[in-house]
Amino acid sequence: MAEGLFLAAARMTILYHIGRYFELLGLVFGRPERLGLYWKRTVEEMDLLGVKSLGIVALLSAFMGAVITIQTKTNIDSPLIQAWVVGFATRQSTILEFSPTIISLILAGKVGSNIAAEIGSMRVKEQIDALDIMGVNSAGYLILPKIVATMAINPFLVMISMFLSIFGGWLAGMESGIVASADFIQGIQMGFKPYHVVYALIKTVVFAFIITTVSAYHGYYTRGGTREVGISSTRAVVYSNVVILVTNLVLTQLLLI
Amino acid sequence: MIEVRGLSKRFGKVQVLQGIDAVFVPGKVNQVIGKSGSGKSVLAKCIVGLHRPEEGEVLYEGRSFHAMDKDEKREIRQQIGMLFQGSALFDSQTVLENVMFPLKMFGTMPRSEMEDRAHVCLKRVNIVDKDGLYPAELSGGMQKRVGIARAIAMNPKYLFCDEPNSGLDPQTSIVIDDLIKEITDEFNTTTLVITHDMNSVMETGENILFIHQGRKWWQGGREDLFHSDNAELNAFIFAGDLMRTVKKAKTGS
Ligand SMILES: Nc1ncnc2c1ncn2[C@@H]1O[C@H](COP(=O)(O)OP(=O)(O)OP(=O)(O)O)[C@@H](O)[C@H]1O
Ligand SMILES: [Mg+2]
């Protein structure tokens, strides 16, 4: 009985959050006051949320590519398997999963917490109230530029990640002597389907939308003080990750099967 | 003119405001006074529509704010200038950008004119040569003053100031009080000042509303303060020696 009530209450809360999330989206896509100002903010956000993430994306991608190559080689070290398979497997896991999904999860940690903390502290310091009082659509002004910026720039980050990951794999394979350069290069050209890149970029754009909106949601509805801003920031990352993982499964079934 | 009728506001189980009736007249510095936590800021936020009261209504020139559609509300809001208790300057923008923000958002003038207008406002609150600083680089009192400059940038018809002189020295405090009074006279704004500084009540208070435990306890002019027999009001005003001395000098008792 008590358990049933608890479940019902939990369901109510989830529905409440989902309802309020879509309500916020409605506000975000409301009429902008000054397109020029929105555009200026979008460019700033591209720099802040995108370009400033380049370092971590590059570092992570090169190392992950190297590890993927070495692990693939040690896992399938058999005379029956041809030498190019390592390069092939590195390319496939990078393009299909590692670059779009893992990098998006990483960005959810970096960018998502940043968005929630920024918007959350604007909320608790009454800066959002100040915007509303002026007659500014605060949700649109604060959130829309971030959505546009991440959706535009994350595909580039992911393409750079793909390139560096495969490059890292090649370098690691060659340097450690486990895969010959020619074999690896043959592998990464083998049976290449451009659609896989399209699939990865579609995922990336959807994930960018999720990261930004879910994090902005947690920031925008922060109540209280600095402690609550911290909590919102953590929630933003956790919920973005969960939604990304579920969406990843759904999109993979829709787009790949 | 702003009219408040039977306004009640609750947060969860806490009844913050109960059945407030008040009229705030144009061209006068209307003040709301009361103890800390009595609901002054909440009242101001209900009036500007940041909080939705459970009961009652707020009328701007006789039109109910909550009955207005989105565009009408936006129109009213563009005529409101508000100084928040914590200033609420935008952290990511410099002093100049903060003051220019409403102009950029809604104004039609070229940038150089906006800058001029912002400088005029900043000068009125005695902030000069601080254009490029960020709010975090200002003292609390300076943030307040920049907040006032931003609030008056658009020549508001309704000016709300939540504790404009808390955290200011007595001298600057009087400058700010006088400034608010000047603007009110000059543009015939409906000004609402929240304060618990008896000095500014004596300096500029014209139509004073005393809130106690979320209810309207007393309303009247500055001079009436000394002749009221309202126990809570007297306890509030004459808490300090200074005001008791003033009363003695004025009324002889
Ligand atoms: N957003 C809110 N959620 C819940 N309770 C609130 C909220 N805002 C204010 N309150 C409560 O309402 C009451 C009145 O608060 P308010 O800020 O109006 O006081 P105040 O008169 O402005 O005091 P001060 O002079 O200290 O600024 C307080 O008890 C406060 O805890
Ligand atoms: Mg207050």
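Residues numbered from 1 in each chain as written. Chains lettered and ligands numbered in written order. Predicted model: local features only at pLDDT ≥ 70, side-chain atom pairs only at ≥ 80, totals over all residues. Heavy atoms only, no water.

1. Re the confidence of the model for chain B
Convention followed: Confidence of the predictor at the level of single residues is given by pLDDT, which spans 0 to 100.
Averaged over every residue, the pLDDT of chain B is 91; the share at 70 or more is 100%. ipTM for the predicted complex: 0.91, alongside a pTM of 0.90.

2. Here we look at the site of ligand 1
Residues and elements named next belong to chain B. Let me state the cut-off plainly: When we say a residue is near a molecule or strand, we mean one of its heavy atoms is within 4 Å of it. Throughout this description, a polar contact denotes any pair of N or O atoms lying within 3.5 Å of each other; where both atoms belong to protein, one of them has to be capable of donating a hydrogen while the other can accept it, and for residues adjacent in sequence the pair is counted only when both atoms sit in side chains. Note on areas: these come from Shrake-Rupley sampling with a 1.4 Å probe, and a residue is covered only by the protein chains present in the view. Numbered from the N terminus, helices here are DSSP runs of H or I no shorter than four residues, and strands are runs of E no shorter than two.
S36, G37, K40, S41 and Q85 are the nearest of the 13 residues found near ligand 1. Within the side chain of S41, an N or O atom sits 2.7 Å from an oxygen atom of ligand 1. Protein burial of ligand 1: of its 640 Å² of free accessible surface, 62% is covered by the chains. No other element matches helix α1 (residues 40–47), which puts 3 residues into the shell around ligand 1.

3. Concerning the coordination of the magnesium ion (ligand 2)
Residue and element names in this part refer to chain B. Keep this limit in mind: Distances define the donors: N, O and S atoms within 2.8 Å of the metal qualify, as do those within 3.2 Å of Na, K or Ca. Water is excluded, so some sites may look unfinished. Think of it in three bands: with a 1.4 Å probe and only protein chains considered, a residue is buried below 20% of the maximum accessible area for its type, exposed above 50%, and partly exposed in between.
Coordination of the magnesium ion (ligand 2) by the protein comes from S41 (OG) and Q85 (OE1), over a distance range of 1.9 to 2.2 Å. Taken together, the positions of S41 in helix α1 and Q85 in the loop between β6 (80–83) and α3 (95–106) put the pair 44 residues apart, joining distant regions of the chain. The exposure class of S41 is partly exposed, given its relative accessible area of 21%. The exposure class of Q85 is partly exposed, given its relative accessible area of 36%.

4. Observations regarding the confidence of the model for chain A
In the predicted model, chain A carries a mean pLDDT of 93, and 99% of its residues have values of at least 70. Mean pLDDT across the elements of chain A bottoms out in helix α1 (residues 2–28) of chain A (86) and peaks in helix α8 (residues 194–220) of chain A (97).

5. A few points about the nonpolar core
Let me state the cut-off plainly: Put simply, buried Ala, Val, Leu, Ile, Met, Phe, Trp, Tyr and Cys residues joined by side-chain atoms within 4.5 Å make one nonpolar core.
With 79 residues, the main nonpolar core has I143 of chain A together with F24, L43, I47, Y60, I80 and F160 of chain B as its most contacted residues. In terms of residue count, α8 of chain A provides more of this core than any other element does, 10 residues in total. Grouped together as the second largest cluster of nonpolar side chains are 30 residues, V29, L89, L103 and L122 of chain B included.

6. Focus: the packing of helix α5 (residues 127–134) of chain A against helix α6 (residues 138–175) of chain A
All names here are of chain A. Operational definition: To obtain each axis, a line is fitted to C-alpha atoms, and for helices this fit is confined to the stretch in contact; angles are then taken between N-to-C directions over 0 to 180 degrees. Each angle receives one of four descriptions, namely roughly parallel if under 35 degrees, roughly antiparallel if over 145, roughly perpendicular if within 65 to 115, and oblique otherwise. Every residue pair with non-hydrogen atoms within 4.5 Å of one another is taken to be in contact. Three classes are used: nonpolar for Ala, Val, Leu, Ile, Met, Phe, Trp, Tyr, Cys and Pro, charged for Asp, Glu, Lys and Arg, and polar for all others, with Gly counted as polar.
One can describe the packing of α5 onto α6 by two numbers: an axis separation of 8 Å at closest approach and a directional angle of 120°. With respect to α6, the axis of α5 lies oblique. Seen from α5, the contacting residues are I128, L131 and D132; seen from α6, they are S138, Y141 and L142. Class assignment of the residues belonging to the contact of α5 with α6 gives a composition of 4 nonpolar, 1 polar and 1 charged.

7. With respect to the interface of chain A and chain B
Convention followed: A 1.4 Å probe defines the accessible area here, and the buried area is the portion of it lost by two parts on being joined, summed over both. Basic side-chain nitrogens of Lys or Arg form a salt bridge, by our definition, when they fall within 4 Å of a carboxyl oxygen of Asp or Glu.
Taken residue by residue, the interface counts 18 residues in chain A and 25 residues in chain B. The junction of chain A with chain B conceals about 2,000 Å² of combined surface from both sides, 58% of it contributed by carbon and sulfur atoms. The three residues of chain A that bury the most area against chain B are R34, I133 and M134 of chain A, which together make up 33% of that side's buried surface. Where E126 of chain A meets K45 of chain B, a salt bridge forms, and the shortest distance between an N and an O atom there is 2.5 Å.

8. Overview of the packing of helix α3 (residues 54–75) of chain A against helix α4 (residues 85–124) of chain A
Any two packed helices are characterised by the angle at which their axes cross and by the distance between the axes. Residue and element names in this part refer to chain A. Filter applied, for reference: By convention, the crossing between two helices is left-handed when the near helix turns anticlockwise from the far helix through less than a right angle, and right-handed when the turn is clockwise.
In the contact formed by α3 and α4, the axes pass within 10 Å of each other and the chain directions differ by 145°. Between α3 and α4 the crossing geometry is right-handed. Here I56, V57, L60, S61, M64, G65, I68, T69, T72 and K73 of α3 lie close against α4, whose contacting residues are V86, A89, T90, S93, T94, F98, I103, I106, L107 and K110. Of the residues that constitute the contact of α3 with α4, the class distribution is 11 nonpolar, 7 polar and 2 charged.

9. A word on unusual backbone geometry
Residues and elements named next belong to chain B. Phi at E61 takes a positive value of approximately 50°, unusual for a residue other than glycine. Here E61 lies in the loop between β4 (55–60) and β5 (63–64). Positive phi values are uncommon outside glycine, yet S87 reaches one of about 70°. By the secondary structure assignment, S87 is in the loop between β6 and α3.

10. Structural notes on the packing of aromatic side chains
Aromatic rings considered in pairs are described by the distance between their centres and by the relative angle of their planes. All names here are of chain A. Our working rule: Stacked, edge-to-face and tilted labels apply to pairs of Phe, Tyr and Trp rings (six-membered ring for Trp) whose centres lie within 6.5 Å, assigned for plane angles under 30 degrees, over 60, and everything in between, in that order. Geometrically, a charge over a ring is one whose NZ (Lys) or CZ (Arg) sits within 6 Å of the ring centre while staying within 35 degrees of the ring normal.
Within the structure shown, the criterion is met by 14 aromatic pairs over all chains. With 5.9 Å between their ring centres and 90° between their planes, W84 and F88 make a pair best called edge-to-face. Geometry around Y221 places R20 over its ring, the cationic atom sitting 4.1 Å from the centre.

11. Section: the environment of T191 of chain B
Residue and element names in this part refer to chain B. Looking at the secondary structure, you find T191 in strand β8 (residues 190–195). Taking C-alpha positions, T191 is 7.3 Å from G27, a pair spaced 164 residues apart along the chain. What T191 contacts, discounting residues up to four positions off in sequence, is K28, V29, N30, L159, I180 and T184. Side chain to side chain, T191 and T189 meet in a polar contact 3.1 Å long.

12. Re α4 of chain A
Residues and elements named next belong to chain A. The criterion, for reference: Expected helix span is given by 1.5 Å per residue-to-residue step, counting one fewer step than there are residues. At any given residue, the bend is defined as the angle formed between two axes, one fitted to the seven residues that end at that position and one fitted to the seven that begin there.
Relative to the 58 Å expected for 40 residues at 1.5 Å per residue, α4 spans 54 Å between its end C-alpha atoms, a close match to the ideal helical length. Along α4, the sharpest change in direction is near 50° and occurs at T94. Positive backbone phi, approximately 65°, marks E126, located one or two places after α4.

13. Describing the environment of N248 of chain A
Residues and elements named next belong to chain A. One can find N248 in helix α9 (residues 226–256). Spatially, the C-alpha atoms of N248 and M134 are 40 Å apart, while their sequence positions differ by 114 residues. Discounting residues that sit within four places of it in the chain, N248 has contacts with E97, T101, Y199, K203 and F207.

14. Description of helix α2 (residues 70–77) of chain B
Selection criterion: Comment: arc refers to directions from the helix axis out to C-beta atoms.
Every buried residue belonging to α2 of chain B is among R74, I76 and R77 of chain B, and all of these are buried. Seen along its axis, α2 of chain B keeps its buried residues to an arc of 160°; they face one direction. On the buried face of α2 of chain B, the contacting elements are α5 of chain A together with β4 and β6 of chain B. The opening residue of α2 of chain B is D69 of chain B, an N-cap whose side-chain oxygen sits 3.1 Å from the backbone nitrogen of D71 of chain B.

15. Points about a nonpolar patch on the surface
Residue and element names in this part refer to chain A. Condition: Each patch is built from residues lacking any salt bridge and having more than 30% relative accessible area; the joining distance is 9 Å for like charges and 5 Å for nonpolar side chains (Val, Leu, Ile, Met, Phe, Trp, Tyr).
The grouping of V238, Y239, V242, V243, V246, L249, V250 and L254 at the surface amounts to a nonpolar patch, some 730 Å² of accessible area in total. Looking at the secondary structure, you find L254 in helix α9. Look at L254 and you get exposed, because its relative accessible area is 61%.

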